[in-house]
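# Secondary and tertiary structure notes
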Amino acid sequence: MRIAFISAMNGEPWGGSEALWFQTAQLLHKSGHAVLASVHGWPITPAPVDALKRLGIAVYERYPSYPSRLDRIKARITPSRLKGEMENTNWQRVLAFSPDLICISQGGISCGIEWMKLCIRDRIPYVLIAQANSYDMWPSDVTAQSLRDGYRSSASNYFVSEANKVLLESQIAESLLNCEVVRNPYSVPFDSSPEWPDDSGTFKLACVGRLEPKAKGQDLIIEIFSREPWRSYPIEVSIYGDGPCRQTIERLICQKDLSDKIKMRGYCNNVVDIWKAHHALILPSRYEGLPLAVVETMLCNRIPIVTDVAGNSEVIQDEVTGFIAQSPTVLHLEYALERAWSRRTDWKALGLAAGQSIRGHIPSCPASVFASKLLALSK
């Protein structure tokens, strides 16, 4: 089969939302299928994109185009339909590949709208991946109509949580029938089982995620631990990751005089190593898909302390396999932390329950499952 992957993400060079299509593209290529990847171009090509090229996969990096004087003259005298086709060289490259199926991967719910319209116009079968969603992404009437058309015309719509699918149906005021929940690949072994760290002194929490409080809520952690009794409790928080707000988070920690309580650890390539030294995850997200950090935490037999957004409550049972704050606020996160802290001697047992539970929700190879779904559609 000939399958084209279009990554609609253009806000940052790479992220967790790219893992599913990226790994699926590799599997399909290695199985003998023709694969094309269209990605946003960056001054420094992300390492995963270079990896696709080394495998021999056709990769088109999309850069902003600045028309020449001759092109501008032609545009003035060319009928509007032909003019649009002339300018859309990125789409022409996809069409030249003659795909049997196009997979449009979105970091949110709507960044693939223009690609949907092109697929509909040229009658190319396509599927959609929708990752994060939130009430802040509520579309205008015009955008909602485009989304209704796009999701309705898709061969299948893949969401990483049922909650985000239900929210989208409200956002566009339409029930979607052609939908499935799929899982993202994760970066720890399926049978991970790091040893339980010493808990006779300080309990160690890890916040693992992009350094962007509007999404991951690191500011809520800082605010809570700046107060008593949390400032005095034998708890240490390690913040792992990188992102656009690193310096602001560092300044906020210093401003609250929490440098001995909350540590910035940077990006860690080996997630299992994090859980060899920490007892629980704290991730007060304001919006999500299904956080890879939650899945990886549970696969490593540790408990997550999270907010009730997106898919968290679909894989975590409150007070059984983790602790869920009702909403991303200081009040509700503190209440979840209080409940977790009161049962700190049970964290090891709860972590083992979390590990057993998550393996019932997550396949051992999500990309292989997704590849099979695409091949079934393209027959």
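Residues numbered from 1 in each chain as written. Predicted model: local features only at pLDDT ≥ 70, side-chain atom pairs only at ≥ 80, totals over all residues. Heavy atoms only, no water.

## Some remarks on unusual backbone geometry
Here the amide bond leading from Glu228 into Pro229 is cis, since omega sits at 5°, within 30 degrees of zero. Position of Pro229 relative to the elements: it lies in the loop between α10 (218–225) and β9 (235–240). Even without a glycine there, the phi angle at Ala173 is positive, about 55°. Residue position: Ala173 is located in the loop between α8 (162–171) and β7 (179–181). (Helix = DSSP H or I, 4+ residues; strand = E, 2+ residues; numbered from the N terminus.)

## Some points on the sheet that holds strand β12 (residues 303–307)
An order of β10-β9-β8-β11-β12-β13 is seen for the 6 strands of this open sheet, with the pairing classed as parallel. In this open sheet, the two strands that pair with only one neighbour each are β10 (262–266) and β13 (323–325). Pairs of neighbouring strands in the sheet enclose a mean axial angle of 25°, with direction left out of account. In this structure, β9 lies alongside β10, joined through 4 bridges in parallel fashion. Paired with Ile239 across the bridge in β10 is Met264. Lying over the sheet, helix α16 (residues 347–358) contacts β8 (203–208), β11 (280–283), β12 and β13, oriented at roughly 80° with respect to β12. (Pairing = 2+ DSSP bridges. Axes fitted to C-alpha atoms, helices over the stretch in contact; angles between N-to-C directions. Contact = heavy atoms within 4.5 Å.)

## Describing the sheet that holds strand β5 (residues 126–130)
If you walk across this open sheet you meet the 7 strands as β3-β2-β1-β4-β5-β6-β7, and the pairing is parallel. With partners counted over all chains shown, the strands left at the sheet margins are β3 (58–62) and β7, one partner each. Recorded for the sheet is a direction-independent mean angle of 20° between the axes of neighbouring strands. Sheet topology note: the strand β2 (residues 34–40)/β3 ladder contains 5 bridges and is parallel. Residue pairing across strands places His40 opposite Arg62, the latter belonging to β3. Here helix α2 (residues 47–55) sits on the sheet and contacts β2 and β3; the angle it forms with β3, its principal contact strand, is near 145°.

## Let's talk about the pattern of salt bridges
Pairs may arise between side chains of opposite charge once their charged atoms sit close together. Here the structure, examined in full by the defined rule, presents 21 salt bridges. Note that Lys256 and Glu223 form a salt bridge whose closest N and O atoms lie 3.3 Å from each other. Taken together, the residues span a long stretch of sequence, with Lys256 in the loop between α11 (246–255) and β10 and Glu223 in helix α10 at a distance of 33 residues. Note on Lys256: relative accessible area 26%, which makes it partly exposed. (Salt bridge = Lys/Arg side-chain N within 4 Å of Asp/Glu carboxyl O. Buried < 20%, exposed > 50% of the residue type's maximum accessible area, 1.4 Å probe, protein only.)

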